[in-house]
Each structure stands twice: as structure tokens, then as C-alpha cells.
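Coordinate inspection notes
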Amino acid sequence: INPIFTMTEILRVLKPGATLFLSTPNLKSMDGISNFLYCDIAYSNAADIYTEYEKLDLGHVGHVREYTVKEICMFLERVGFNIEKIIFRGLHLMKNDPRRCLVKLIPRLSPFISVIATARK
């Protein structure tokens, strides 16, 4: 629920130089951009906001808000991590789907972002 608290605690318990691997849906994925432009909703892979908060009754919450690469990097750096690498991943399209070619040409349109970061010393 509070990503600042959560990530600060993770940083606190990590040794300096330890590696963090964070993965999240990519709001600026091909599906995210399409959903925003054509459906007027700001998500790429998650369900609607109500459905995600409804999961609190089960003891967890899903992706209530999805992020761009820039937002994730700025957030992690402000918490105290150094960004080492960004990986765009997830291509679950049929081989003959033209979107597959587009994502291969422009990896930033991939559905997921993985960030490798290290705890500052």
C-alpha cells in the first residue's frame, strides 16, 4: 500500500551493494498506450482499480497503479538505489501477429519492465 515505506525497508535490510530485481507491468507498453488512447483507462496488464483494491480482503493488493520506466527509475533513485540495468520483457503474441514485430523493433513497448538496481553504499 505504501511503496515508499516498503522500498525504504528493503533498502534498510540490504547490504550496501546488494542487488534488487524489481518487475512491474509497463504502462507505456503497446497495450497500455492502446488502453489509454482508445479505452480511456490507464493500465496495461492489471484489472480495474476496484478489482485490485478488492484483493485487500484476501490480504494483498494487485497493480493499482502501473508505472513507466522513468517513474520507476526516479522513484528507486530517490529511495537510495542505483539503477544498473533496465530489461523490457514479455512478448506473448502469436508469431503472425504484426504487433510482435513492432515490439521486437521497439522493446520499450514490451508489457513488462524489470529493473536491476543496487543498494547505495
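My aim in this report is to walk through the structure given alongside it, one point at a time. Bear in mind the structure is a predicted one, so any value in this text is a computation, not a measurement. (Residues numbered from 1 in each chain as written. Predicted model: local features only at pLDDT ≥ 70, side-chain atom pairs only at ≥ 80, totals over all residues. Heavy atoms only, no water.)

The next point concerns the sheet that holds strand 3 (residues 112–119). Strand order in the open sheet formed by three strands is 1-3-2, with antiparallel pairing between adjacent strands. Two strands close off the open sheet at either side, each with one partner strand: strand 1 (19–25) and strand 2 (81–89). Each strand of the sheet is rotated relative to its neighbour by a mean of 20 degrees, with strand direction disregarded. Relative to strand 3, strand 1 runs antiparallel, the two sharing seven bridges. Looking across to strand 3, one finds that Thr19 is bridged to Thr118. (Pairing = 2+ DSSP bridges. Helix = DSSP H or I, 4+ residues; strand = E, 2+ residues; numbered from the N terminus. Axes fitted to C-alpha atoms, helices over the stretch in contact; angles between N-to-C directions.)

A surface patch of nonpolar side chains, about 450 Å² in accessible area, is lined by Ile1, Ile49, Tyr53 and Leu56. Summarising the element assignment, Tyr53 is placed in helix 3 (residues 49–54). Taking relative accessible area as the criterion, Tyr53 reaches 43% and is therefore assigned partly exposed. (Patch = residues over 30% accessible without salt bridge, like charges linked within 9 Å, V, L, I, M, F, W, Y side chains within 5 Å. Areas by Shrake-Rupley, 256 points an atom, 1.4 Å probe, with all protein chains shown as cover. Salt bridge = Lys/Arg side-chain N within 4 Å of Asp/Glu carboxyl O. Buried < 20%, exposed > 50% of the residue type's maximum accessible area, 1.4 Å probe, protein only.)

Everything listed here is a matter of coordinates, which is why it stays silent on function.
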